[in-house]
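Per-entry structural report
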Amino acid sequence: MNLKGLGWNSFFAKNFDSHWQEGYTVGRVVLEHKNTYILYTENGELSADVTGKMQYRASGRQDFPAVGDWVVISIRLTEKRATIHAILPRKSTFSRKTVGAKTEEQIIATNIDTVFLVSGLDRDFNPRRIERYLLLVWESGANPVIILNKADLCDDIEGCREEVETIALGVPIIVLSAVNNQGLDALTPYLSKGQTVALLGSSGVGKSTITNQLVGKTVQAVQEVRQGDDKGRHTTTHRELILLPSSGLLIDTPGMREIQIWAGDESLQETFADIKNIALQCRFHDCKHEQEPGCAVRHALENGTLDYQRFLNHQKLQKELNYLTRKQDQKLYLAEKKRWKKITKSLRTMKKQ
């Protein structure tokens, strides 16, 4: 396999230079299953595991390889196996908060050039969900492209497209029907040699069908959406890096009905740039957009230039991010407190000796 065809470029080469001098080589993570990884390398496909040293130094799940990562390896060619010694710096990282009470980052995929944010044009069409996904895409460092799939099930395609245009300023929007193989040619510019694309969207939006059409054969099972609400089951159960006939690379991610936010305020402002620009016209710089005099946002809501549901979603996501920040700060505080407790205990032991 050719490394450039797998997405290797000067960014990764620069960060690998010191490892190369030590005699190591590289591979890209294709599949992750518990503590075992499948890699693409210049020596073909290899199974791999991480070193004990790497496991010991890991402070959390984010310190282990994820699908899309370039990893530093030593190879046991006769066994068709490799050992992972380190992860090269990531060019982009798509993450979400882990489901549940824990405030931890779950990395979905890394080193993505473009995210195809897929939304169905059936009864499950939801602009608020698109806003939520966009926030995470901007945070990842990848470029978003919105795909409106299932055009064959929509009676007002232009209306839906215009609605998405108002919430995704400047983001390319592609309308297609994957099941009928219509409109997929518009994806070609993003799938050139060595370019990595990730498919993101809720269950039932047609990601697996798009994957199968792009590959040219069935590589992902396809399930019918439920009758009555157009909601699908999780067809894709794992993340995998797939080589396409176009020489591009595709990561199909499991559908996420409710995605937990893991992002910063900058990504929120980029997702809601229109609200940010309106807020700059408020009389007070710390305006809460409630009852303050001279509030440009309230004025925009009243005259209809700002959609009320979009504003509510912005406020909701802002509260989520504020809560996430507080939880992260508390976690860092407790970790630092624990660290100093160990240091103090160690110093006391030394004094006794």
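Everything below is about the structure shown above.
The rules we used
- Residues numbered from 1 in each chain as written.
- Predicted model: local features only at pLDDT ≥ 70, side-chain atom pairs only at ≥ 80, totals over all residues.
- Heavy atoms only, no water.
- Helix = DSSP H or I, 4+ residues; strand = E, 2+ residues; numbered from the N terminus.
- Buried < 20%, exposed > 50% of the residue type's maximum accessible area, 1.4 Å probe, protein only.
- Lys, Arg positive; Asp, Glu negative; His and termini not counted.
- Salt bridge = Lys/Arg side-chain N within 4 Å of Asp/Glu carboxyl O.
- Polar contact = N/O pair within 3.5 Å; in protein donor to acceptor, adjacent residues only side chain to side chain.
- Axes fitted to C-alpha atoms, helices over the stretch in contact; angles between N-to-C directions.
- Parallel < 35°, antiparallel > 145°, perpendicular 65-115°, else oblique.
- Left-handed = near helix turned anticlockwise from the far one by under 90°.
- Contact = heavy atoms within 4.5 Å.
- Nonpolar A, V, L, I, M, F, W, Y, C, P; charged D, E, K, R; others polar.
- 1 Å grid on protein atoms, 1.4 Å probe; cavity = no way out; pocket = protein on both sides within 12 Å on 5 of 7 lines; lining within 4 Å.
- Points joined across faces, edges and corners; volume = space filled by probe spheres on them.
- Pairing = 2+ DSSP bridges.
- Right-handed = clockwise from strand over helix to strand, strands pointing away.

Structurally, Lys-207 is set in helix α5 (residues 207-215). For the buried residue Lys-207, which engages in no salt bridge, the nearest side chain bearing the opposite charge is Asp-252, 4.9 Å off. In this structure the side chain of Lys-207 is engaged in a polar contact, spanning 3.1 Å, whose partner is the backbone oxygen of Gly-201. At 3.4 Å, the side chain of Lys-207 and the backbone oxygen of Ser-202 are in polar contact.

Here we take up the packing of helix α3 (residues 127-140) against helix α4 (residues 157-167). One can describe the packing of α3 onto α4 by two numbers: an axis separation of 10 Å at closest approach and a directional angle of 40°. As judged from the angle between their axes, α3 and α4 are oblique. The two elements α3 and α4 cross, and the hand of that crossing is right-handed. Residue-level contacts link Pro-127, Arg-128, Ile-130, Glu-131 and Leu-134 of α3 to Glu-163, Val-164 and Ile-167 of α4. Partitioned by chemical class, the residues of the contact of α3 with α4 number 5 nonpolar, no polar and 3 charged.

It is worth spelling out empty space enclosed by the protein at this point. Scanning the model with the defined rule gives 3 cavities of 30 Å³ or more in all. If you add up the space inside the largest cavity, you get close to 60 Å³. Around the largest cavity, the lining residues are Leu-117, Val-118, Ser-119, Gly-120, Asp-124, Asn-126, Arg-129, Ile-130, Tyr-133, Ser-202 and Val-205. Counting only elements with at least two residues in the lining of the largest cavity, the list comes to β8 (114-120) and α3.

Bringing the pairing of strand β9 (residues 143-149) into the picture now. The buried fraction of β9 is high, at 6 of 7 residues. Of the strand pairs in this sheet, β8 and β9 are connected by 7 bridges, and their pairing is parallel. Among the inter-strand pairings, Leu-117 is bridged to a residue of β9, identified as Ile-146. With α3 bridging β8 and its parallel neighbour β9, the resulting β-α-β unit is right-handed. The pairing of β9 with strand β10 (residues 173-175) spans 3 bridges and is classified as parallel. Across the sheet, the residue bridging to Ile-147 is Ile-174, located in β10.

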